[in-house]
Amino acid sequence: AEAEWKRTFVSDGGLLLTPLLAFQADSTFVNQSSASIDAINHMAASRGVGADVRSAFYRYMATIGLDLRWPVLFSSTSSTHILEPVVQVFARPNERYAETLGIPNEDAQSFVFDATTLFERDKFSGYDRIEGGTRANIGLRYSGTFGNGWTTNALFGQSYHLAGVNSFSSPDLVNVGAFSGLESEKSDFVGLLGFASPNGLSGSVSGRFDEQTFEVRRAEVKAAWSGKPVSLSAKYAFIQAQPRYGFADDRHEVTAGGSAQLHENWRVFASGTYDLQNRVMARDSFGFSYGDECFTYTMTYTQRRTSATKEASQSFGFNLSFRTIGDFGTNTGSGILNLN
């Protein structure tokens, strides 16, 4: 269960102040085999941390935050440009069970820290992990609009852990925070530069850079074309080695996706990611979605393969979203890459 309140106030000088209150609570029930319990205890002992294996976990998280933005407009006869400094502060208690091993992590394994997630209140990709502690996000956003219909956007920033336990450096059964760029007090730098044309073509270049040396930790080049009834996308990604996260070598991956509108309300989509380094289809998925003025429903089937054994695992995902109420379900892919 999750609830959030926020409201934006505009000062006479154009400063946007958005206070925020949020609360989340959940419970997890687990039926683990004795072999799993032994493995968790062995893992905890080898890392020098505690193990807290139980049949039920109950958690809550309360957040108070403040978002400050000061957009400044520059305009000419043929274009407009907006520079927007952004500062966010989120104060929270520590994540429960963050300093022990035991709580399952099924849906928060694959989060990526980059320019698109810099200003997220909770940067984890799912509900099995909840970001705790006090954190500040600081960045500079740019957007431009030109008379011929072209638009550009850019963002650069960094995140700072201010107080409490850093959830991204805490023990996890899959080491999800290791080499994420958020495990230290000062995060890596993240940046993005993109464009969009009036005929549906768009593209972007983004990266994550070491906070001391500016070494490239992750880089992505994306391109997409959105038309009717077909949309296509492609992406190349470089991800530096993450040994404790299960990837001993640098990764070079190519992703392609497509979406087709079959009817006013029905759409099908598919995507695939190929690991160039290990020559394996790392991930492929397909699905369909239905959407009208009241709600949208998405269903996805996904296969994932490990680079070492190339064994495949399958999963189904769904998401039901009511436009005026909220949504529930799992994270599902759309078949088209997000370039913003």
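Look above for the structure.
Residues numbered from 1 in each chain as written. Predicted model: local features only at pLDDT ≥ 70, side-chain atom pairs only at ≥ 80, totals over all residues. Heavy atoms only, no water.

Enquirer: A description of the pairing of strand β14 (residues 230-239) should follow, citing residues and the corresponding values.
Expert: In this structure, strand β13 (residues 216-226) lies alongside β14, joined through nine bridges in antiparallel fashion. Each residue of the ladder has a partner; that of Ala224, found in β14, is Ser233. Taking the residues between adjacent antiparallel strands as the criterion, β13 and β14 are bridged by three residues. Relative to strand β15 (residues 251-261), β14 is paired through ten bridges, and the arrangement is antiparallel. Bridge pairing links Phe238 to His252 in β15. (Pairing = 2+ DSSP bridges. Helix = DSSP H or I, 4+ residues; strand = E, 2+ residues; numbered from the N terminus.)

Enquirer: Help me get a handle on unusual backbone geometry, residues and values and all.
Expert: Note the cis peptide between Lys228 and Pro229, where omega equals 5°. If you trace the backbone, Pro229 turns up in the loop between β13 and β14. For Asn175, which is not a glycine, the phi torsion comes out positive at approximately 55°. Note that Asn175 resides in the loop between β10 (151-163) and β11 (189-196). Notably, Phe179 is not glycine yet its phi reads approximately 60°, a positive angle. Within the secondary structure layout, Phe179 lies in the loop between β10 and β11. Classification of Phe179 by relative accessible area gives partly exposed; the value is 31%. (Buried < 20%, exposed > 50% of the residue type's maximum accessible area, 1.4 Å probe, protein only.)

Enquirer: I'd like a description of the environment of Gly203, backed by residues and values.
Expert: Mapping Gly203 onto the fold places it in strand β12 (residues 201-209). In this structure, the C-alpha to C-alpha distance between Gly203 and Leu193, residues ten residues apart in sequence, is 8.6 Å.

Enquirer: A description of the pairing of strand β9 (residues 134-146) should follow, citing residues and the corresponding values.
Expert: Summarising the sheet, strand β7 (residues 79-91) and β9 pair through twelve bridges and their orientation is antiparallel. Among the inter-strand pairings, Val87 is bridged to a residue of β9, identified as Ile138. By the bridge criterion, twelve bridges tie β9 to β10 in an arrangement that is antiparallel. Within the sheet, the bridge partner assigned to Leu140 lies in β10 and is Phe156. Hairpin connection from β9 to β10: four residues lie between these consecutive antiparallel strands, with Gly149 at a positive phi of about 100°.

Enquirer: If you had to explain the pattern of salt bridges to someone new, which residues and values would you point to?
Expert: Counted according to the given criterion, the structure contains 18 salt bridges. With its nearest N and O atoms 3.1 Å apart, the salt bridge here joins Arg121 to Glu2. Note that Arg121 is positioned in the loop between β8 (100-101) and β9 and Glu2 in strand β1 (residues 2-6), a separation of 119 residues in sequence. For Arg121, a relative accessible area of 18% translates into the label buried. Residue Glu253 is joined to Arg251 by a salt bridge in which the shortest nitrogen-to-oxygen separation is 3.8 Å. What makes Arg251 buried here is its relative accessible area of 10%. Through salt bridges with shared partners, one network takes in Arg218, Glu220, Lys222 and Lys235. (Salt bridge = Lys/Arg side-chain N within 4 Å of Asp/Glu carboxyl O.)

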